[in-house]
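# Coordinate inspection notes
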There are 2 protein chains.
Amino acid sequence: MNKFHEIFRDLKQRIEQREYPAGSLLPSELNLAQMYSVSRETIRKALRLLLESGYIQKQQGKGSIVLDIQRLQFPVSGLTSFKELQDGQQINSETIVLQNKVETIPRYLAERFHIPEDQQVISLVRLRKISGEVIILDKDYLLRDIVESVPTDAAEISLYDYLEQERQLNIAYAKKEFVVEPITEEDKHYMNLKNDTHVVVVKSEVYLEDTRLFQYTESRHRLDRFKFVEFARRKHSL
Amino acid sequence: MNKFHEIFRDLKQRIEQREYPAGSLLPSELNLAQMYSVSRETIRKALRLLLESGYIQKQQGKGSIVLDIQRLQFPVSGLTSFKELQDGQQINSETIVLQNKVETIPRYLAERFHIPEDQQVISLVRLRKISGEVIILDKDYLLRDIVESVPTDAAEISLYDYLEQERQLNIAYAKKEFVVEPITEEDKHYMNLKNDTHVVVVKSEVYLEDTRLFQYTESRHRLDRFKFVEFARRKHSL
DNA sequence: GAGTGGTCTAGACCACATT
DNA sequence: ATGTGGTCTAGACCACTCA
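Naming follows an unreviewed UniProt entry, where chain A appears as Trehalose operon repressor of Jeotgalibaca arthritidis.

What follows is the structure, given as structure tokens:
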């Protein structure tokens, strides 16, 4: 729909299909502007998206160098749902909804977020299986002021699809925290933990476009199957 | 030096000092343009930096909402050195250089990066102490084609300061991978591991502006002291 | 010197939220 | 209807790289 977004997608695809191979230079901004019949600033917006997602590296005076996506493959970071992760890779996965009920918010969360102690939340507990093994235990709390209820089959397929498309919620940003914690009885009960004593826990606070908190999640991962990949750029002196 | 960067730093500071308190709106882009005597596009570049670093949330038709930095404090992610992390928080820390020598590249790295097997590297091993305890074991390999040698006191204080300022190297981006691995004899020997069986390992491939690989690092963290915080934005349909 | 990306401008029109 | 941010333009000048 937006010009710069279309150009981004087009260039991205051409890079992925090796039409612009790794190590080569993209056409200059001026050339691209002529090729797509847009202004240079519009090209620059598209290139910025490519830069941020790790497809190119720019050099003043030289040009835009295409990076090696083979090498930098699967950078999986940011605010991405389990479903989207699986779609990106071809992995056979399965979600089992253990719990989907309304309750009052746990006290430690009410305190942490300065929310009334009688706040109602939807409490979801889900198991994530990959190749038949239970790898992840997800515990979600959704504020009931914002979502009244979630159909269990939506929780099974993709919660974010449902919230964004059916409920028209605009998920905007999140604070994520990665820590390692000793296992609980619940972990031991639901996951195939062998002799593990710890799990990796990813705690996320998710906010809407209007800055309202609407979700808190603890995603508990089996140690030996946890992997998080990130593409990072150096920010020179903010 | 750049106008938009100066404006970013100014607005950032005013937000941190609660001149623009959390939940309030910044002046409109048109107003800001007049206040700083610049064009609106320049203001928009500054606001984009604020948006990306989690200081504001924009809403079309409404304005730029200041976010609660108390709540979203210490988002520590991206490509940041140990020194910079410590500077951001007031923690007493110490670095001990265990090794600083030239050797041929380990075979698994030569294969992984398609580098000649006789490539020379600088091999650094460093311990990171926080409050007197050894928390992190850092193993660095720097390609000798790019840096000939590193003074041990530079490795002790800040490697990145030295590389960027003394050596004029432009560090641009990295691929980072977070996994959990069983401990090695080396881990056991140097860190106070108690009964831990695993460590968190952050593996980083660091690249220069001209896209040359120049550093590979394994940062091995004690489980109970590992914490990684990230501010993430939802990317709607790339 | 020619070509590249980086910054900045002044203006236009659109989409959205509020009154 | 007004004001907000989102997109796009055409042009200017600067900083940098490379032949």
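Once the structure has been displayed, the description carries forward.
### What about the packing of helix α1 (residues 3-16) of chain A against helix α3 (residues 40-52) of chain A?
Residue and element names in this part refer to chain A. Where α1 meets α3, the axes come as close as 8 Å, and the angle between the chain directions of the two elements is 50°. Classified by the angle between their axes, α1 and α3 sit oblique to one another. In terms of crossing hand, the pair formed by α1 and α3 is right-handed. Contacts between α1 and α3 involve K3, F4, H5, I7, F8, L11, K12 and I15 from the first element and T42, I43, K45, A46, L47, L49 and L50 from the second. Broken down by class, the residue content of the contact of α1 with α3 amounts to 10 nonpolar, two polar and three charged.

### What to know about the UniProt feature "domain: HTH gntR-type" (unreviewed entry) in chain A
In the UniProt entry, the feature "domain: HTH gntR-type" (unreviewed entry) is given for residues 1-69 of chain A. Secondary structure across residues 1-69 of chain A divides into 51% helix and 12% strand, with the first and last C-alpha atoms of the span separated by 26 Å.

### Concerning the protein's contact with DNA strand C
The environment of DNA strand C is made up of 24 residues, and the closest members are R40(A), E41(A), R44(A), K3(B) and T42(B). A share of 65% is what sugar and phosphate atoms reach among the atoms of DNA strand C within 4 Å of the protein. In the model, a base nitrogen of DNA strand C is placed 2.6 Å from a nitrogen or oxygen of the R40(A) side chain. Measuring from a phosphate oxygen of DNA strand C, one finds a backbone N or O atom of S39(B) at 2.8 Å. Secondary-structure elements contributing two or more residues to the surface near DNA strand C are α3, β1 (56-59) and β2 (63-66) of chain A together with α1 (3-16) and α3 (40-52) of chain B. Considering every element that reaches the surface near DNA strand C, the biggest residue donor is α3(B), with four residues. The class makeup of the residues in the surface near DNA strand C is two nonpolar, 11 polar and 11 charged.

### Examining the pattern of salt bridges
Considering all chains together, one arrives at 50 salt bridges over all chains under this definition. When the shortest N-O distance is used, the salt bridge between E19(A) and R14(A) registers 2.7 Å. Judged by relative accessible area, E19(A) falls into the partly exposed class, the value being 43%. On the accessibility criterion, R14(A) (28% relative accessible area) is partly exposed. The partner of E205(B) in a salt bridge is R112(B), with the nearest N and O atoms 3.0 Å apart. Of this pair, E205(B) sits in strand β7 (residues 198-208) while R112(B) sits in helix α5 (residues 107-113), and the two are 93 residues apart along the sequence. Residue E205(B) is classed as buried on the basis of its relative accessible area, which comes to 3%. Assessed through its relative accessible area of 32%, R112(B) is described here as partly exposed. Several salt bridges share partner residues, and in doing so they unite E181(A), D187(A), K203(A), E218(A) and R220(A) into one network.

### As for unusual backbone geometry
Residues and elements named next belong to chain B. With phi around 65°, R18 is a residue other than glycine that occupies positive phi space. Topologically, R18 is positioned in the loop between α1 and α2 (29-36). The phi torsion at H114 lies on the positive side, around 55°, for a residue other than glycine. As for its position among the elements, H114 is in the loop between α5 and β4 (120-130). For H114, a relative accessible area of 70% puts it in the exposed group.

The rules behind each value
- Residues numbered from 1 in each chain as written.
- Chains lettered and ligands numbered in written order.
- Predicted model: local features only at pLDDT ≥ 70, side-chain atom pairs only at ≥ 80, totals over all residues.
- Heavy atoms only, no water.
- Axes fitted to C-alpha atoms, helices over the stretch in contact; angles between N-to-C directions.
- Helix = DSSP H or I, 4+ residues; strand = E, 2+ residues; numbered from the N terminus.
- Parallel < 35°, antiparallel > 145°, perpendicular 65-115°, else oblique.
- Left-handed = near helix turned anticlockwise from the far one by under 90°.
- Contact = heavy atoms within 4.5 Å.
- Nonpolar A, V, L, I, M, F, W, Y, C, P; charged D, E, K, R; others polar.
- UniProt positions renumbered as here; feature names shortened; annotations may be inferred.
- Near = heavy atom within 4 Å.
- Polar contact = N/O pair within 3.5 Å; in protein donor to acceptor, adjacent residues only side chain to side chain.
- Salt bridge = Lys/Arg side-chain N within 4 Å of Asp/Glu carboxyl O.
- Buried < 20%, exposed > 50% of the residue type's maximum accessible area, 1.4 Å probe, protein only.

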